[in-house]
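# Breakdown of the fold
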There are 2 protein chains.
Amino acid sequence: MLLNHERLRSAMSAHQLDAIVATAPENVLYTSGFWSLPQWIRRGPQAFVVWTSGEADGQPVVIAGTSTLDLVADQHVAARIRRYGAFPIDHAPSVELDPVSARQAVLHALADDGDAIKALVLEIRQAGLEKGRIGIDEMGLLPGDTERLRSDLPGVTWVMAASVLRNIRAVKTPLEIDRLRTVAAITERSVAAALAIATEGVTEIELSRAFHGQTVREDAVPVLGCIGFGERSALMNVQPSERRLRQGDIIRFDVGGHYCNYRADIARIASLGSPSREIQAKYDALNRGVQRGIELIRPGIAARDVFQAVVETVRREGIAQYQRSHVGHGIGLDGYDAPLLSATSTDVLEEGMIVCIETPYYELGRVGLQVEDMLVVRADGAEMLSNNGTSMTVLG
Amino acid sequence: MLLNHERLRSAMSAHQLDAIVATAPENVLYTSGFWSLPQWIRRGPQAFVVWTSGEADGQPVVIAGTSTLDLVADQHVAARIRRYGAFPIDHAPSVELDPVSARQAVLHALADDGDAIKALVLEIRQAGLEKGRIGIDEMGLLPGDTERLRSDLPGVTWVMAASVLRNIRAVKTPLEIDRLRTVAAITERSVAAALAIATEGVTEIELSRAFHGQTVREDAVPVLGCIGFGERSALMNVQPSERRLRQGDIIRFDVGGHYCNYRADIARIASLGSPSREIQAKYDALNRGVQRGIELIRPGIAARDVFQAVVETVRREGIAQYQRSHVGHGIGLDGYDAPLLSATSTDVLEEGMIVCIETPYYELGRVGLQVEDMLVVRADGAEMLSNNGTSMTVLG
């Protein structure tokens, strides 16, 4: 199961919620296992998940568009289902149905609740929560939805709960960690596939094609592909261009796809020819910053203490003027999960959190350097999901 | 230019708008050419574009996060820029800057407006529109943004404008049509790459890998990949599984990536071995429905008239019980642009619209059949961007 059920219960109790409603794609998938295609590829289509504090059978209610009931059936979503909207499918009575189609037929026979908000209102009434305190993930609502909910359920106390769900998601279950381990490894192999063609004259676009090609060969999906050469490595969001690789160029990768919707985000540096002593020294300082952070990672440490130690290490080891807003973040179904390793973060690391620890450095018009690795916070410290090693890759 | 400038002016005039504000990723890109990475890969980061009716220089104002100013510079965004938020980059005065970095340096030197909404409020005040009538794309606002705008600019009359922008986007410029032509062709070649390995025993996942592999080799990005065999071809959103291809199976593709952010959506049917006479007859009926629609496409025809003609043709030609909510839709930066070819649509076709015309048919537990092609509405009728031909592909 993706969901950390214990953490959900504990958060609902701490916030005194009678129910919590997931609306954003990552929260719907996380709390129910339901991946509803339309809400992942455009904004507008909705699916909701309702967990009530009194649920007896350990299952939520999923509110799904009728046009997505095939996915509910095929994904073995363990939930009571409400459906909304019309979607015609044909069904010859003489056809013997396979298990997935049989489940789909049962779901199509449910009453049509009209639209997603109507279905949610019906569900809250049926659960007897017209006067309840209900956490709602505001990030997947559409303009006007809040007004409709307030008008149709005037007795409900609504609590904005996107941050509650984000906090629940911060500590990963073993299945989530497996997926993150897989996607981190795919991303490392995709960097290797790109570097395998990194000779003088290759373009950023060609390297990017090799990178994403490997990602797709391993059944992951391209998401982040910042790959820049030389002065373009200093562009923080660099998008591949026709710039050709030249002797002496630094190549910066800040990259990661997703695998089963779980995201990777790692950074790697390579140099065509030996880097200058100054660039090497800066890289080493950034890498020592990350290594210092990794040493400190353990349950109970404050995220801001990791931030301070990492930034101080980079400054002491070679980049005296080093400035950063953060040196790391969680990752999972979203590319920026909790915790955030920043100067003002109030997050405290917990066992099972995933951290992308990073020390990017952008020198305008000249060079960008960055070390970023993914790790799991374990009882005895960091377990690496990716491993930059101690040095940049020198090519040619 | 992506933007249909004349259409923007005309819509602002028709709705009596003093300004229009784009907030959703597709509208920001469309109205300014600015592709802001963070807002495309997660929900939360914002970028806005403001066009005022009085702009003298033919340029909008772009409101960008400071962490994305490299993209503004690299993409040659032709706009006045406002920036918000802190993002440290280093800049050694001795470094001679390339043109992109020089532009970025100028942008970093702008004042920090604080956050996206504060920047928007400042811009509206500076434009003297505190009492103006302003169209706002509500789909890219975050919870609480509307309240802040109303509170900070109490004299403004706000008009929800997501549908206005969607309507402007419906008629494509030549650059947009070029991109759509490219992505349609890439998608056809990706289907061909998948079919090239479609022999008995191959899995849906393997076919999907071949499909997306070709998409990535042509520098497009995987988005939609519904590929199902046999009884799974009837699952409307089918996601590839370990199901193996068997003699007699139908393969249904409903697929398309994006190229430079422009989307494709086509459907193709293949059969391993000759299809039964009944399946062939149903396929022919669906295909004749699409062909009838293509014949009717011209500027001035009502979308609902195309819908009626297509559905009636399918019914007359072989599927008497055929039911559909729509038989086509626009496509562009969004997978579902206007127009919509449905029974209740009020859309009227215009020259330069792109239509995905389609007749999907799902027979639960048995087979899914679908013909879908992309076309441009031209003065003298449909120009096809993809071409299904008249028959399904018979393999082996």
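What you see is a predicted model; the values in this text were computed from it and never measured.

### Examining the pairing of strand β16 (residues 372-378) of chain A
Residues and elements named next belong to chain A. By the criterion of burial, β16 is predominantly enclosed, with six of the seven residues buried. Of the pairings in the sheet, the one linking strand β13 (residues 354-358) to β16 comprises five bridges and is antiparallel in character. The residue bridging I354 from the neighbouring strand is V376, located in β16. Relative to strand β17 (residues 381-384), β16 is paired through four bridges, and the arrangement is antiparallel. Residue pairing for β17: R378 is matched across the bridge by G381. Count of turn residues in the β16/β17 antiparallel hairpin: two residues.

### Comments concerning the relation of the copies chain A and chain B
Relative to chain B, chain A is turned by 180° and slid 0.0 Å along the rotation axis, the superposed coordinates differing by an RMSD of 0.0 Å. In the structure described here, the two chain copies are related by an operation that fits a two-fold rotation axis. Of every C-alpha in chain A, the one belonging to A:G213 sits nearest the axis of rotation, 3.1 Å from it. Here 100% of the interface residues in chain A have copies in chain B that are interface residues too; the copies meet face to matching face.

### With respect to the sheet that holds strand β3 (residues 61-65) of chain B
Residues and elements named next belong to chain B. Judged by pairing direction, the sheet is mixed, and its six strands sit side by side in the order β4-β3-β2-β1-β5-β6 without closing on themselves. This sheet does not close on itself; its edge strands, each paired only once, are β4 (80-84) and β6 (157-160). For this sheet the average axis-to-axis angle between neighbouring strands, irrespective of direction, equals 20°. Against the sheet, helix α8 (residues 162-169) contacts β1 (19-22), β5 (133-136) and β6, and its axis sits at roughly 85° relative to β1.

### Re the domain arrangement of chain A
Residues and elements named next belong to chain A. Split into domains, chain A comes out as domain 1 (5-169) and domain 2 (174-395). Distance from the C-alpha centre of domain 1 to the C-alpha centre of domain 2: 36 Å. Contacts between domain 1 and domain 2 engage eight residues on the former and nine residues on the latter. Taking both sides of the interface into account, the surface hidden between domain 1 and domain 2 amounts to around 790 Å²; carbon and sulfur atoms contribute 43%. Where R169 meets D337, a salt bridge forms, and the shortest distance between an N and an O atom there is 2.6 Å. The interface formed by domain 1 and domain 2 includes five residue pairs in polar contact (both at pLDDT 80 or more). When contributions to the side of domain 1 that touches domain 2 are tallied by element, the ones reaching two or more residues are α2 (25-32) and α8 (162-169). The element best represented in the side of domain 1 that touches domain 2 is α2, accounting for three residues.

### Some points on the pattern of salt bridges
In the structure shown here, the tally under the stated rule is 52 salt bridges over all chains. Residues A:R243 and A:E231 are paired through a salt bridge, measuring 2.9 Å at the closest nitrogen-oxygen approach. Separated by 12 residues along the polypeptide, A:R243 in the loop between β7 (221-229) and β8 (250-259) and A:E231 in the loop between β7 and β8 bring together distant segments of the chain. Taken as a pair, A:R243 and A:E231 share a single burial class, namely buried. In this structure, the salt-bridge partner of B:E317 is B:R316, at a minimum N-O distance of 4.0 Å. Overlapping salt bridges, with partners in common, bring together A:R80, A:R82, A:D113 and A:E123 in one network.

### Section: the side chain of B:H212
Mapped onto the elements of the fold, B:H212 is located in helix α10 (residues 204-217). Apart from residues lying up to four places away in sequence, B:H212 is in contact with A:V216, B:P222, B:L224 and B:G225.

### Comments concerning the packing of aromatic side chains
Where two aromatic rings form a pair, the distance of their centres and the angle of their planes describe that pair. Inspection of every chain in the model, using the stated rule, returns four aromatic pairs over all chains. Measuring from ring centre to ring centre gives 5.8 Å for A:F87 and B:Y362, while their planes differ by 35°; the resulting arrangement is tilted. In this pair, A:F87 sits in the loop between β4 (80-84) and α5 (99-108) while B:Y362 sits in strand β14 (residues 361-363), so the two residues belong to two different chains. Of the two residues, A:F87 and B:Y362, neither departs from the other in class, the shared state being buried. With 6.3 Å between their ring centres and 45° between their planes, A:Y322 and A:Y361 make a pair best called tilted. Placement of the pair is A:Y322 in the loop between α12 (303-317) and β11 (326-330) and A:Y361 in strand β14 (residues 361-363), with a sequence separation of 39 residues. The exposure class assigned to A:Y322 is buried, which follows from its relative accessible area of 1%.

### Quick notes on the sheet that holds β4(A)
All names here are of chain A. Taken together, the six strands give an open sheet; going across it, the order is β4-β3-β2-β1-β5-β6, and neighbouring strands pair in mixed fashion. Where the open sheet ends on each side, the last strands, each with one partner, are β4 and β6 (157-160). Across the sheet, the mean angle separating the axes of adjacent strands is 20° when strand polarity is ignored. Pairing between strand β5 (residues 133-136) and β6: four bridges, direction parallel. Residue R133 lies in a different strand from β6, and its bridge partner there is T157.

About the criteria used
Residues numbered from 1 in each chain as written. Chains lettered and ligands numbered in written order. Predicted model: local features only at pLDDT ≥ 70, side-chain atom pairs only at ≥ 80, totals over all residues. Heavy atoms only, no water. Buried < 20%, exposed > 50% of the residue type's maximum accessible area, 1.4 Å probe, protein only. Helix = DSSP H or I, 4+ residues; strand = E, 2+ residues; numbered from the N terminus. Pairing = 2+ DSSP bridges. Least-squares fit on C-alpha atoms with pLDDT ≥ 70 in both. Contact = heavy atoms within 4.5 Å. Axes fitted to C-alpha atoms, helices over the stretch in contact; angles between N-to-C directions. Domains from an automatic or database assignment. Buried area = accessible area lost by both parts, 1.4 Å probe. Salt bridge = Lys/Arg side-chain N within 4 Å of Asp/Glu carboxyl O. Polar contact = N/O pair within 3.5 Å; in protein donor to acceptor, adjacent residues only side chain to side chain. Phe/Tyr/Trp six-rings, centres within 6.5 Å; stacked < 30°, edge-to-face > 60°.

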